[in-house]
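Structural overview
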Amino acid sequence: QNPKTSALVKQLVAEGNAGELQKYFGSRMEFGTAGLRAAMGAGISHMNDLTIIQTTQGFCRYLEKNFSDLRKRGVVIGFDARAHLSSGGSSKRFARLAANTFISQGIPVYLFSDITPTPFVPYTVTHLKLCAGIMVTASHNPKQDNGYKVYWENGAQIISPHDKGISQAIEENQEPWPQAWDDKLIDNSLLLHDPYATVSKDYFKDIQKQCFHRNINKETNLKFVHTSVHGVGHKFVQLAFEAFDLSPPFAVPEQKDPDPEFPTVKYPNPEEGKGVLTLSFALAEKDGAKIILANDPDADRLAVAEKQESGEWKVFSGNELGALLGWWIFTCWKNHNRDTCAIKDVYMLSSTVSSKILRAIALKEGFHFEETLTGFKWMGNRAKQLMDQGKAVLFAFEEAIGYMCCPAVLDKDGVSAAVITAEMASFLATRNLSLSQQLKAVYDEYGFHITKASYFICHDPKVIQQLFDNLRNFDGKNTYPKSCGRFKVSGIRDLTTGYDSSQPDQKAILPTSKSSQMITFTFANGGVATMRTSGTEPKIKYYSELCAPPGNSDIERLKKELDELVNALEKHFFQPEKNNLQRKTE
């Protein structure tokens, strides 16, 4: 019933444009563990009023099956600032339609009255003991995209088999229920609650448990620049600084207000490096700020840059910031926990494609480190299991600039990560240390961990399949590569098929998934490289790392060795020319 998408479809029918209609109606968006992510537009392959109604109807029925007290507890719904004029879709409209679906079935809905960071949704699920949460966002995707992210009652993103159960329920509930389109009905409903004020207050109270140096924060002369890259983060990072008694960061004026067009950047993704930070560098130079904090548009990720003594800016990789935050959070914990026995209940987590630096710190300091599959859904769920067993999960991170620094949010949170990074930098400044110098100190103590990650773009799923099939049948049927150029392969783990050469029974310990490609190669020189497909973008990603024991300080030699390994990986395993792959460009 949306007049804009309806008119578009009618026009295509009148023109007899079968090709475009096939694109819109050929296949339904797949509901996975990350929920939905697609362009806004007409048809069942896009995000629009109808597909949001259908998805929510399915999710609602699935929750009814799983929770006898759903009508008592309810769900939370949040949204970012995305909007798409030509199809009339927007995150706020989708959130209201979803709320209407639940309320029509007598289920209470905690619908935020304004835009919020994504981490506010998982926080609200656990804080208010709700059954589930929905966040309408496409995070850092291009401007035409939107998404529908789902959290379970434990405050973590859903994992299998929930995705399959919800997907099936969507198939069974495609016809819109009566009044499904009339979202105005919710405004007078007693089942509609606005958690905005309470949650804002309580969230900032909870993250203050991670504030350990209030006096230093009050006194520091260190200046920060913050950009929310046209997303939701500005107000919330300002409030977080206030909660930690830090002077507010300078906000990049052209990017601080939400704008669904993202006019100043090609991609609204701070992970893409210096291109997204151009305006931040300019403001920092003008105001004499040393450190830049950049959130992605839904404020669940954080990029950090620091001005070096040479005048150059260093943008930290996700692994480098993970090393710094891991060191910092453990140091703060250690200084406040004199009981040496307590360390046996302390855990840190990271995903399998992230740096192994936390493992090195854990080995030396005596706490536990665990690795999970890629994505915060795995780390959030594992953290909850450990916390339920009375363990303390201090920190979790993934190399894609995602950090969980505070146990009140079982997902990545760019707001708390920004303010904790600011406190760490302020503390280090009192010791005349920069973030870069401290990073080197961490590597000196625990061993250098040099990482390099990138991706190729490929829009043809057949080519991607062929590339990975080729790796599994490299020297004849069912044989993986024994070397990559001059680098000898010493181990292989394939989490698509479940094969792991390092295990006695050759079966992988981590869960496997046939729906995504992921192979990890270990090399005789101590290098590790993982190749995997992305769940939300047409990319084949790779992650590589060279770990050296403490005391091996020839960093330039290590970097050169890793560069050569990556070049061999691209040449022999990706074969970009043969497979017509497009390189990541700045």
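Refer to the preceding data block for the structure.
In what follows, the accompanying structure is described. From a predicted model like this one, the values you see are computed outputs, not experimental measurements.

1. Observations regarding the overall build of the protein
Within the protein, the regular secondary structure consists of 19 helices and 25 strands. A compact globule built from 586 residues should have a C-alpha radius of gyration of about 25 Å, and the protein, at 24 Å, falls within 12% of that. With respect to the three principal axes, the spread of C-alpha positions in the protein is 70 × 65 × 50 Å. By sequence separation, contacts in the protein at least 24 residues apart represent 69% of the contacts at least 6 residues apart. Total accessible area computed for the protein in this model is approximately 24300 Å², and 51% of it derives from carbon and sulfur atoms. When the 67 positive and 67 negative side-chain charges of the protein are each reduced to one mean point, those points stand 2 Å apart.

2. Examining the pattern of salt bridges
Here the structure, examined in full by the defined rule, presents 40 salt bridges. A salt bridge links Asp 444 to Lys 440; its shortest N-O distance comes to 3.0 Å. In this pair, Asp 444 and Lys 440 are both assigned in helix H16 (residues 435-446), four residues apart and thus about one turn of the helix distant. Here Asp 563 makes a salt bridge to Lys 452, at a shortest N to O gap of 2.9 Å. Of this pair, Asp 563 sits in helix H18 (residues 555-574) while Lys 452 sits in strand E18 (residues 449-457), and the two are 111 residues apart along the sequence. Residues joined in a network through salt bridges with shared partners are Asp 49, Arg 93, Arg 96, Asp 183 and Asp 187.

3. Considering the nonpolar core
Counting 163 residues, the largest nonpolar core has Phe 59, Phe 102, Phe 395, Tyr 403 and Met 531 as its most contacted members. With near-sequence residues (within four places) excluded, Phe 102 lies in contact with Thr 56, Phe 59, Cys 60, Leu 63, Val 75, Ile 77, Ile 107, Val 109 and Ile 134. Phe 376, Met 379, Ala 383 and Leu 410 belong to the second largest nonpolar core, which has ten residues in total.

4. Quick word on the packing of helix H8 (residues 196-207) against helix H15 (residues 414-430)
H15 packs onto H8 with a crossing angle of 40 degrees between their chain directions and a minimal axis gap of 11 Å. The angle between H8 and H15 falls in the class oblique. H15 is crossed by H8, and the crossing has right-handed handedness. Residue-level contacts link Tyr 203, Phe 204 and Ile 207 of H8 to Val 415, Ser 416 and Val 419 of H15. A per-class count over the contact of H8 with H15 returns five nonpolar, one polar and no charged.

5. A few points about the packing of helix H3 (residues 49-66) against helix H5 (residues 91-104)
Two quantities define a packed helix pair, namely the angle between the axes and the distance from one axis to the other. As a packed pair, H3 and H5 sit with axes 9 Å apart at the nearest point and diverge in direction by 40 degrees. Between H3 and H5, the angle is such that the two are oblique. Relative to H5, the crossing made by H3 is right-handed. Two secondary-structure elements touch here, H3 through Asp 49, Ile 52, Ile 53, Thr 56, Gln 57, Phe 59, Cys 60 and Leu 63 and H5 through Arg 93, Phe 94, Leu 97, Ala 98, Thr 101 and Phe 102. Of the residues in the contact of H3 with H5, the class split is nine nonpolar, three polar and two charged.

Cut-offs used in this document
Residues numbered from 1 in each chain as written. Predicted model: local features only at pLDDT ≥ 70, side-chain atom pairs only at ≥ 80, totals over all residues. Heavy atoms only, no water. Helix = DSSP H or I, 4+ residues; strand = E, 2+ residues; numbered from the N terminus. Rg over C-alpha atoms; globule rule 2.2 N^0.38 Å. Contact = heavy atoms within 4.5 Å. Areas by Shrake-Rupley, 256 points an atom, 1.4 Å probe, with all protein chains shown as cover. Lys, Arg positive; Asp, Glu negative; His and termini not counted. Charge placed at Lys NZ, Arg CZ, Asp CG, Glu CD. Salt bridge = Lys/Arg side-chain N within 4 Å of Asp/Glu carboxyl O. Core = buried A, V, L, I, M, F, W, Y, C linked by side-chain atoms within 4.5 Å. Buried < 20%, exposed > 50% of the residue type's maximum accessible area, 1.4 Å probe, protein only. Axes fitted to C-alpha atoms, helices over the stretch in contact; angles between N-to-C directions. Parallel < 35°, antiparallel > 145°, perpendicular 65-115°, else oblique. Left-handed = near helix turned anticlockwise from the far one by under 90°. Nonpolar A, V, L, I, M, F, W, Y, C, P; charged D, E, K, R; others polar.

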